[in-house]
Amino acid sequence: MSKNIEIKNWNEYSSEEKNILLQHWWHYYGKILYTLDECEQFDSLLEKDIDKIFIAAIGSFIIGLSSQPLIDSMRRNNIDELLSALPEMKKLEDNEMYHKVEVSLITQLVDSYNNQDFNTLINQKTAKKHK
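Criteria and thresholds
Residues numbered from 1 in each chain as written. Predicted model: local features only at pLDDT ≥ 70, side-chain atom pairs only at ≥ 80, totals over all residues. Heavy atoms only, no water. Helix = DSSP H or I, 4+ residues; strand = E, 2+ residues; numbered from the N terminus. Buried < 20%, exposed > 50% of the residue type's maximum accessible area, 1.4 Å probe, protein only. Contact = heavy atoms within 4.5 Å. Salt bridge = Lys/Arg side-chain N within 4 Å of Asp/Glu carboxyl O.

K.L.:
Whenever I open this one, the overall build of the protein confuses me. Can you help?
P.N.:
Along its length, the protein carries seven helices and zero strands. When its helices and strands are written in sequence order, the protein yields α-α-α-α-α-α-α. Looking at the protein as a whole, 37% of its 131 residues qualify as buried. Looking at the protein alone, contacts between residues at least 24 apart form 73% of all its contacts between residues at least 6 apart.

K.L.:
Hey, could you run me through the pattern of salt bridges in this one?
P.N.:
Once their charged atoms are close, side chains differing in charge can pair, the charge on each being opposite to the other. Enumeration over the complete set of coordinates arrives at four salt bridges. For D51, the salt bridge identified is with K18, shortest N-O distance 2.9 Å. Here D51, found in helix α2 (residues 36–62), pairs with K18, found in helix α1 (residues 15–28); they are 33 residues apart in sequence, far enough to count as distant. R75 is the partner of E38 in a salt bridge, and the nearest nitrogen-oxygen pair spans 2.7 Å. Of the two residues, E38 is situated in helix α2 and R75 in helix α3 (residues 68–75); the sequence distance between them amounts to 37 residues. Judged by relative accessible area, which is 7%, E38 ranks as buried.

Now the structure itself:
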């Protein structure tokens, strides 16, 4: 079992915790299939600017999506275009609504990360019911 992560402000997380939470977001919340190459590209993006990817995650969360916009941008070879639009979103950080969404996303990620074993058990029981 992995170590639990506490809910706190994004800038209070270590690089390792940020990476864990965004990897969890990428794999657990992804609604479309992705290739190994796209997964490796995501890892590279995290190494390059993990905080920018978190802003992308917030943007996706605001519109009710997960990693789909990032994956779609990778497939259209315009990931740089997507990421260059993020500084505009970053300006919203002073906005109270942006902060509420950020806290909500962090809370959801941490809760689901910390309860992965429980969620897996529930999904297995649900799958057995539908056989």
